[in-house]
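Each chain, letter by letter, is given below.
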Number of protein chains: 2
Amino acid sequence: MTATSDQPSARTQRTLISVDAMGGDQGPAIVVAGCSASALKNPDISFILHGPAETLEPLVAKRPELKGRCTIRDAQGVVTMDDKPSNVVRNGKGTSMWSAIESVRDNEASVAVSCGNTGALMALSMIRLKKLPGVNRPAIAVLYPSTNPQGFNVLLDVGADVRADADDLLRYALMGKSYARNGMDIDRPRIGLLNVGTEEHKGRTELKEAHELIRDAADDAGFEFVGFVEGGDISGDVADVIVTDGFTGNIAIKTGEGTATLIGNGLRQAFKNSIWSRAASLLAYTSLRRVSKRFDPRRVNGGVFLGLNGTVVKSHGAADATGVSSAIKLAARLAESEFTNRLAARVAAAKPTKETEE
Amino acid sequence: MTATSDQPSARTQRTLISVDAMGGDQGPAIVVAGCSASALKNPDISFILHGPAETLEPLVAKRPELKGRCTIRDAQGVVTMDDKPSNVVRNGKGTSMWSAIESVRDNEASVAVSCGNTGALMALSMIRLKKLPGVNRPAIAVLYPSTNPQGFNVLLDVGADVRADADDLLRYALMGKSYARNGMDIDRPRIGLLNVGTEEHKGRTELKEAHELIRDAADDAGFEFVGFVEGGDISGDVADVIVTDGFTGNIAIKTGEGTATLIGNGLRQAFKNSIWSRAASLLAYTSLRRVSKRFDPRRVNGGVFLGLNGTVVKSHGAADATGVSSAIKLAARLAESEFTNRLAARVAAAKPTKETEE
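Residues numbered from 1 in each chain as written. Chains lettered and ligands numbered in written order. Predicted model: local features only at pLDDT ≥ 70, side-chain atom pairs only at ≥ 80, totals over all residues. Heavy atoms only, no water.

Some remarks on helix α6 (residues 118-129) of chain A
Given 3.6 residues to a turn, an α-helix orients residues that are three or four positions apart in the same direction.
Residue and element names in this part refer to chain A.
Argument step 1. Its twelve residues place the ends of α6 16 Å apart at the C-alpha level, agreeing with the 16 Å of an ideal helix rising 1.5 Å per residue.
Argument step 2. For α6, the side-chain oxygen to backbone nitrogen distance between the N-cap and Gly119 is 3.2 Å, and the N-cap itself is Asn117.
Argument step 3. Directly beyond the C-terminal end of α6, a positive phi value near 65° is found at Lys130. (Helix = DSSP H or I, 4+ residues; strand = E, 2+ residues; numbered from the N terminus. Expected span 1.5 Å × (residues − 1). Polar contact = N/O pair within 3.5 Å; in protein donor to acceptor, adjacent residues only side chain to side chain.)

Next up, the structure:
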């Protein structure tokens, strides 16, 4: 919160979040419940809710805490999980997702939140919000549970693009640095570049190039470069931000999530094994809940699209009200810190490297 | 074990394993203890132990179960974790690692086991054992805990090479199929190709090419191709074998291990929280031990080098006696199933695809 402590004005007026109410696996009632939970916890947030008015109005009317804090913007179309991104870009006007992004494009809201189809959301965000000057490939950043004091590390890209060259990886470092600073209050984040070993001679050519570019940018950009890091460091404490291409990042987070689920299921089975273990699970209930909460993907729910003129937070498609509320909390935090403007300034300040590379 | 049931002769004679006693973080005493544990459990195994005779002789003398079942092959040099692979290839003659591989090259033993420097072990194995006909890039395969009935999936490559083209990925599929069949008794393994989504249009170009090659090879080679799989499927039940390049595979397993460690530490902390949770951990001791054993990297200790004239099992550098014993058990199983010969036949039977591709 230190990032906003010198800006009392940002606190006294309401933070407006643009929310796509449709497209999540759980339907709009869950999204409205998430808004409602956020409204109760944070009196500074208000909402523009996008979706079919006749569906949303009764849902909102049931929530007194949303009274006067929620504008419904009628949009009859819905982007489904099966819609192809290219098709949504061509024909998506009039959908709740399009409308939610439009509120950011029009500067009504500074951040949009959606539980919908990731590919379509990214494609629409790129087309409607446009890339920031200096950014070739936008990125999706997530918070991954870690042994660092802040409890999480920033990992990017986790799937905006399957490729990244050395220059893209440098931009990811700059964007990750802004995110760690504004999203987690880390003044001088430590940035690591993901590789198969920590020695400088290891890995692919573009990684060796990126190593040089990021190292040379560190001082001016206000981060510390810790060099190459490995897969185990994503949940470790040697770096606060882990930079990688979207292919590798996507597989890393899904492998991590799968492994966490496997262990969670193994534990649940174990506690059902005998009467002793059942008793144990009752005794340890509070402690186990704390661990489960710490690794609950709903709590860190929110991939953030970085590198666009406006910030978009992608919530899990399967998110429940807690997950949606958590994504809104993150969106509000980024809105309050004027994150997009700060990130734009940071990326623009970095020298272009394309010319010198080729 | 069905693979060897029609070969009683392989069971009546001893399976000879070549073991590099040096180079592990824990020193040769742990390696000898691992051999000893294996000898007690499996009366069919005997060993050639490579390392300085004056160091190994007293260690072996202390273990009556190794009497008459362990030949010591004097090798004074030791490859350390810091030695560069290229340097070991040039100057490594006379080291225990070189000597251990030489026993396989000379057909004394069919499988070698080492806890040493992975890069050096791979480089030496490639130079001394040579690649199988039809193999351009060898691979390292690991067993990853999964929800499948067999408890594990085969994942390869996890780091033999940072690149793999479509043809390499096809060979990995064939090698993975042989490994799943001989190492886990799966008659017709299901093979998945790791990608960022399951739709056929997703991912990088070489993956789309590999998708076609592997699909077309499936029937002849006796496996089922399930198409693209995602990171979460590495620990899932949609495939028995996951094929990927060594860069992605390496980052995936290290991310998974890191996440498992993070959760394990979180649980240990949780059980120390209060007197109730301490009591709970006593009550649930057996159940928790079972879970911890299931996800214990020492139990699945053994990356297997595939695609060479001879099989090499790489045990974790930090392995204790349980880990070493587990790597030896895997080596013995592969030796008994005449794994190398079967794999060579399988890979050679696949049509070359290089010409048709270019």
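Details of unusual backbone geometry
Argument step 1. The omega torsion across A:Leu156 and A:Asp157 is -10°, close enough to zero to call that bond cis.
Argument step 2. Here A:Asp157 lies in the loop between β6 (152-156) and α7 (166-184).
Argument step 3. Even without being a glycine, A:Lys130 presents a positive backbone phi close to 65°.
Argument step 4. Here A:Lys130 falls in the partly exposed class, since its relative accessible area comes to 47%.
Argument step 5. One non-glycine residue, B:Asn107, adopts positive backbone phi at about 60°. (Buried < 20%, exposed > 50% of the residue type's maximum accessible area, 1.4 Å probe, protein only.)

Some points on the pairing of strand β3 (residues 70-74) of chain B
Side-chain direction in a regular strand flips from residue to residue, so the side chains alternate between the two faces of the sheet.
All names here are of chain B.
Argument step 1. Where strand β2 (residues 45-51) meets β3, five bridges bridge the pair, whose relative direction is parallel. Across the sheet, residue Gly51 finds its bridge partner in β3, namely Asp74.
Argument step 2. In this view, the connection linking β2 to its parallel neighbour β3 by way of helix α3 (residues 53-61) has right-handed handedness. (Pairing = 2+ DSSP bridges. Right-handed = clockwise from strand over helix to strand, strands pointing away.)

Description of the pattern of salt bridges
Argument step 1. Summed over the entire model, instances satisfying the criterion amount to 28 salt bridges over all chains.
Argument step 2. Between A:Arg163 and B:Glu206 there is a salt bridge; the shortest N-O distance is 3.7 Å. A residue pair is termed interchain when its members come from two chains, as with A:Arg163 in the loop between β6 and α7 and B:Glu206 in helix α8 (residues 205-221).
Argument step 3. A relative accessible area of 38% places A:Arg163 in the partly exposed class.
Argument step 4. For B:Glu206, a relative accessible area of 24% gives the class partly exposed.
Argument step 5. When the shortest N-O distance is used, the salt bridge between A:Asp245 and B:Arg204 registers 3.0 Å. Taken as a pair, A:Asp245 in the loop between β9 (241-243) and α9 (246-271) and B:Arg204 in the loop between β7 (190-194) and α8 lie in two separate chains rather than in one.
Argument step 6. With a relative accessible area of 9%, A:Asp245 lands in the buried category.
Argument step 7. Three or more residues are tied together by salt bridges with common partners; here these are A:Glu102, A:Arg105 and A:Arg128. (Salt bridge = Lys/Arg side-chain N within 4 Å of Asp/Glu carboxyl O.)

Considering the interface of chain A and chain B
Argument step 1. Between chain A and chain B, the residue contacts involve 53 residues of the former and 53 residues of the latter.
Argument step 2. In total, chain A and chain B occlude about 4400 Å² of area from one another, counting both sides; carbon and sulfur atoms represent 71% of this.
Argument step 3. Run the count over chain A and chain B and you get six salt bridges.
Argument step 4. Our count for the chain A to chain B interface comes out at 14 residue pairs in polar contact (both at pLDDT 80 or more). (Contact = heavy atoms within 4.5 Å. Buried area = accessible area lost by both parts, 1.4 Å probe.)

Let's talk about the relation of the copies chain A and chain B
Argument step 1. Least-squares fitting of chain A to chain B yields an RMSD of 0.0 Å, with the transformation described by 0.0 Å of translation along the axis and a rotation of 180°. Such values leave the two copies arranged in the relation of a two-fold axis. Residue A:Ala280, judged by its C-alpha, is the member of chain A lying nearest the rotation axis, at 2.0 Å.
Argument step 2. Interface overlap between copies is the fraction of interface residues in one copy that are interface residues in the other; for chain A against chain B it reaches 100%, indicating a shared surface. (Least-squares fit on C-alpha atoms with pLDDT ≥ 70 in both.)

Details of the nonpolar core
Argument step 1. Residues A:Phe47, A:Leu156 and A:Tyr179 are the most contacted members of the largest nonpolar core, which totals 99 residues.
Argument step 2. Of all the elements, α7(A) adds the most residues to this core, at ten residues.
Argument step 3. Viewed by domain, this core spans two of them, domain 1 (1-135 + 307-358) and domain 2 (142-300) of chain A, each represented by three or more residues.
Argument step 4. The next biggest cluster of nonpolar side chains, apart from the first, holds 98 residues, and it includes B:Leu56, B:Val158, B:Ala239 and B:Leu308. (Core = buried A, V, L, I, M, F, W, Y, C linked by side-chain atoms within 4.5 Å. Domains from an automatic or database assignment.)

Structural notes on the packing of aromatic side chains
Think of a pair of aromatic rings as described by two things: how far the centres are apart, and how the planes are tilted against each other in angle.
Argument step 1. On inspection of all chains with the given rule, the structure shows zero aromatic pairs over all chains.
Argument step 2. In this arrangement the basic side chain of A:Arg204 is found over the ring face of B:Phe247, its NZ or CZ atom lying 4.3 Å from the centre. (Phe/Tyr/Trp six-rings, centres within 6.5 Å; stacked < 30°, edge-to-face > 60°. Lys NZ or Arg CZ within 6 Å of the ring centre and 35° of its normal.)

Overview of the sheet that holds strand β10 (residues 303-306) of chain B
Residues and elements named next belong to chain B.
Argument step 1. Sheet architecture is open: eleven strands sit in the order β3-β2-β1-β4-β11-β10-β5-β6-β9-β7-β8, paired in mixed fashion. Where the open sheet ends on each side, the last strands, each with one partner, are β3 and β8 (224-229). Recorded for the sheet is a direction-independent mean angle of 25° between the axes of neighbouring strands.
Argument step 2. The sheet contact formed by strand β1 (residues 15-20) and β2 spans six bridges and is parallel. Bridge pairing in β2 links Leu16 to Ser46. (Axes fitted to C-alpha atoms, helices over the stretch in contact; angles between N-to-C directions.)

Some details on a positive patch on the surface
Residue and element names in this part refer to chain A.
Argument step 1. A cluster of basic side chains, namely Lys41, Arg289, Lys293 and Lys329, defines a positive patch on the protein surface.
Argument step 2. With respect to the secondary-structure elements, Arg289 resides in helix α11 (residues 285-294).
Argument step 3. On the accessibility criterion, Arg289 (49% relative accessible area) is partly exposed. (Patch = residues over 30% accessible without salt bridge, like charges linked within 9 Å, V, L, I, M, F, W, Y side chains within 5 Å. Areas by Shrake-Rupley, 256 points an atom, 1.4 Å probe, with all protein chains shown as cover. Lys, Arg positive; Asp, Glu negative; His and termini not counted. Charge placed at Lys NZ, Arg CZ, Asp CG, Glu CD.)

A look at the domain arrangement of chain A
Argument step 1. In terms of domain boundaries, chain A breaks down into domain 1 (1-135 + 307-358) and domain 2 (142-300).
Argument step 2. Of note, the centres of domain 1 of chain A and domain 2 of chain A, computed from C-alpha atoms alone, are 23 Å apart.

Considering the side chain of A:Thr259
Argument step 1. Mapped onto the secondary structure, A:Thr259 falls in helix α9.
Argument step 2. Side-chain polar atoms of A:Thr259 contact the side chain of B:Tyr144, separated by 2.7 Å.
Argument step 3. Once residues lying within four places of it in the same chain are set aside, the contact partners of A:Thr259 are B:Tyr144, B:Ser235, B:Gly256 and B:Ala260.

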